[in-house]
Amino acid sequence: MRNVIVTQSVSHATLLMQAIGAPPADLLFVVESVELERYLKRKGCGVVRGSLRSREIYRQVLPAQLLVISLRDVRRLRGVLEAVGRERGDTPVLVLSVPPLETLPVDPAAYPWAFFVPVASQFQAAVKTDMRLARARVRVRRLREVVGDNTRALILLQDDPDPDGIASGLALRTLLGRNRSSMPMASFGKVTRPENIAMLKVLDIEIREIGPEDLASWDRVVMVDVQPPHLRRPLPRVDAVVDHHPAQTSYDARYIDVRNHYGATATILLEYLRAEGIKVNERLATAMLYAIRTDTLLLDRPVTDADIEAFTYLYARANINWIRKIERPALPRETLVSFAEGLRTARIEDKVLFSHLGPVMREDIVPQLADFCLQVEGVDWSAVSGVFENELIISVRNVGFVQKAGTAVKSAYAEFGSAGGHRSMAKAVLPLVRLPLPPGPELYRLLEDRLLGVLRGASPSGNG
Ligand SMILES: [Mn+2]
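Residues numbered from 1 in each chain as written. Predicted model: local features only at pLDDT ≥ 70, side-chain atom pairs only at ≥ 80, totals over all residues. Heavy atoms only, no water.

**Some words on the coordination of the manganese ion**
Now for step 1: Looking at the metal site, the manganese ion is ligated by Asp164 (OD), Asp225 (OD), His244 (NE2) and Asp295 (OD), spaced 2.0 to 2.3 Å from it.
Now for step 2: Taking the relative accessible area as the measure of exposure, Asp225 reaches 1% and is therefore buried. (Donors = N, O, S within 2.8 Å, 3.2 Å for Na, K, Ca; no water. Buried < 20%, exposed > 50% of the residue type's maximum accessible area, 1.4 Å probe, protein only.)

**Focus: the domain arrangement of the protein chain**
Now for step 1: Domain boundaries in the protein chain define domain 1 (3–112), domain 2 (130–326) and domain 3 (335–455).
Now for step 2: Relative placement of domain 2 and domain 3: their C-alpha centres are 35 Å apart. (Domains from an automatic or database assignment.)

**As for unusual backbone geometry**
Now for step 1: Cis geometry is found at the peptide bond from Leu62 to Pro63, where omega equals 5°.
Now for step 2: Tracing the sequence through the fold places Pro63 in the loop between helix H3 (55–61) and strand E4 (66–70).
Now for step 3: Of note in this structure, Asp204 is not a glycine but carries a positive phi near 55°.
Now for step 4: For Asp350, which is not a glycine, the phi torsion comes out positive at approximately 50°.
Now for step 5: When you line up the elements, Asp350 lands in the loop between strand E13 (347–349) and strand E14 (352–359). (Helix = DSSP H or I, 4+ residues; strand = E, 2+ residues; numbered from the N terminus.)

**A look at the pairing of strand E10 (residues 220–224)**
Now for step 1: Most of E10 sits inside the fold, with four of its five residues counted as buried.
Now for step 2: When strand E7 (residues 153–156) meets E10, the two strands line up parallel, connected through four bridges. Along E10, the bridge assignment pairs Ala153 with Arg220.
Now for step 3: Pairing of E10 with strand E11 (residues 240–243) involves three bridges; the strand directions are parallel. Directly across from Val224, in E11, lies its bridge partner Val242. (Pairing = 2+ DSSP bridges.)

**Regarding the pattern of salt bridges**
Now for step 1: Counted by the stated rule, this structure contains 34 salt bridges.
Now for step 2: Across the salt bridge formed by Arg86 and Glu82, the nearest N and O atoms sit 3.6 Å from each other. Within this pair, Arg86 and its partner Glu82 are both found in helix H4 (residues 77–87), separated by four residues, close to a single helical turn.
Now for step 3: Since its relative accessible area comes to 31%, Glu82 is described here as partly exposed.
Now for step 4: A salt bridge links Arg397 to Asp371, with the shortest nitrogen-to-oxygen separation between them at 2.7 Å. Here Arg397 is found in strand E16 (residues 391–398), whereas its partner Asp371 is found in helix H13 (residues 365–373), with 26 residues between them in sequence.
Now for step 5: By relative accessible area, Arg397 is classed as buried at 9%.
Now for step 6: One salt-bridge network, held together by shared partners, links Arg132, Arg139, Asp257, Arg259, Glu271, Arg274 and Glu309. (Salt bridge = Lys/Arg side-chain N within 4 Å of Asp/Glu carboxyl O.)

**Some points on the sheet that holds strand E3 (residues 46–49)**
Now for step 1: Reading across the sheet, the six strands line up as E3-E2-E1-E4-E5-E6 and stay open at both edges, with parallel pairing between neighbours. Among the strands making up the open sheet, the edge pair consists of E3 and strand E6 (114–118). Each strand of the sheet is rotated relative to its neighbour by a mean of 20°, with strand direction disregarded.
Now for step 2: Pairing of strand E2 (residues 27–31) with E3, which is carried by four bridges, proceeds in the parallel orientation. (Axes fitted to C-alpha atoms, helices over the stretch in contact; angles between N-to-C directions.)

**Thoughts on helix H6 (residues 163–175)**
Now for step 1: Taking 1.5 Å of rise per residue, 13 residues should cover 18 Å, and H6 covers 18 Å from first to last C-alpha, within 8% of that figure.
Now for step 2: In terms of residue burial, H6 counts as a mostly covered element, since 12 of its 13 residues are buried.
Now for step 3: Within the span of H6, buried status applies to Pro163, Asp164, Gly165, Ile166, Ala167, Ser168, Gly169, Leu170, Ala171, Leu172, Arg173 and Leu175.
Now for step 4: For H6, the capping residue at the N-terminal end is Asp162, with a side-chain oxygen 3.1 Å from the backbone nitrogen of Asp164.
Now for step 5: Backbone geometry just after H6 places Gly177 at a positive phi near 65°. (Expected span 1.5 Å × (residues − 1). Polar contact = N/O pair within 3.5 Å; in protein donor to acceptor, adjacent residues only side chain to side chain.)

Here it is, written out as structure tokens:
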């Protein structure tokens, strides 16, 4: 069966032939004008000419795989739909409407078998993207001028680089045609989150740890996903900044592109790449997709059309298995022993599960066990501790419909170190030297009582 197209003008017919992409011989046009008939026949299409409102003409061309109606004069639409419906009401019909649907002289609801699409809004969305890309082109030219071709250039990320910073750095390097030796990525700190460490490993990305004094040996410094005032240590100078955090004014750079309404810096960099027609390979797409996912909490935070579009664009090119590997960093086998011991000695009081792992090889096993323990029957809260590098880490989780975890952990433990978090997950990092007792049953009991006290509505013991 062929696709049948009902149309009145050469321009609509030409656009539809391109959009459908089928060989002309597979298309059958229904037209009224002799000129249009002649034109389409010259192109090699099938053509039936007659009144668009006569049932007779649809008897000749139906059944069809799809009947597309695209009229320049929408006043004729009702007549066409009535004739098609009366002839074969089971024909799949696509109505492409240039005017907005609400201005059509027919009510789409009266033709439930037809699918109405306002072409203008689709075209608008495409044009909006192209407008952004056209603007990006000029920006990229300026950025290239600032960085220069044969300069020693450095990409500076935040103090604890996150996926958006890392991916943006990688994208910038691709944009400028540089590589890891001609434009390395660096940070004044180091990557600490296990997922981010896994990202570097899975995608083979290198980040150098440097100090502000090292900047003197670079001709150009470009910052991505961060602005100078965000760093713990002052920056002697910066040449270019691309970021999406609220704009800071206390610094100067020759190139600044800060767009606070964007969900991720990677979205801005993707515009640069697309504007330049630069191919985004699997590795880069994976990094950038992961960046947008984490910075927007899976598009759960405020995002722009640009972020959603970037997400879709990257999703088609990224390697989802790599993302899975990044999100679930492999636990060393020895961890199982810690886990087993932690579970064996776990204690539940007032729907709160407590478990203490003692010294751990990796900090991230503490929150992982806390996540796991929340699944235990009758448990609304889990609090798991572990000792890592002279600090006691406590991860607290709850099922979400109870008190805020962040607030509870803060009232219970802020006295001994840093403590806080969100509604359903929180963390305390307590330096051992600030705790009243060394890690052991007595300390654990004290810490458990403080959290229980807060959850029961009492102020933590020791604060009166
Ligand atoms: Mn970011």
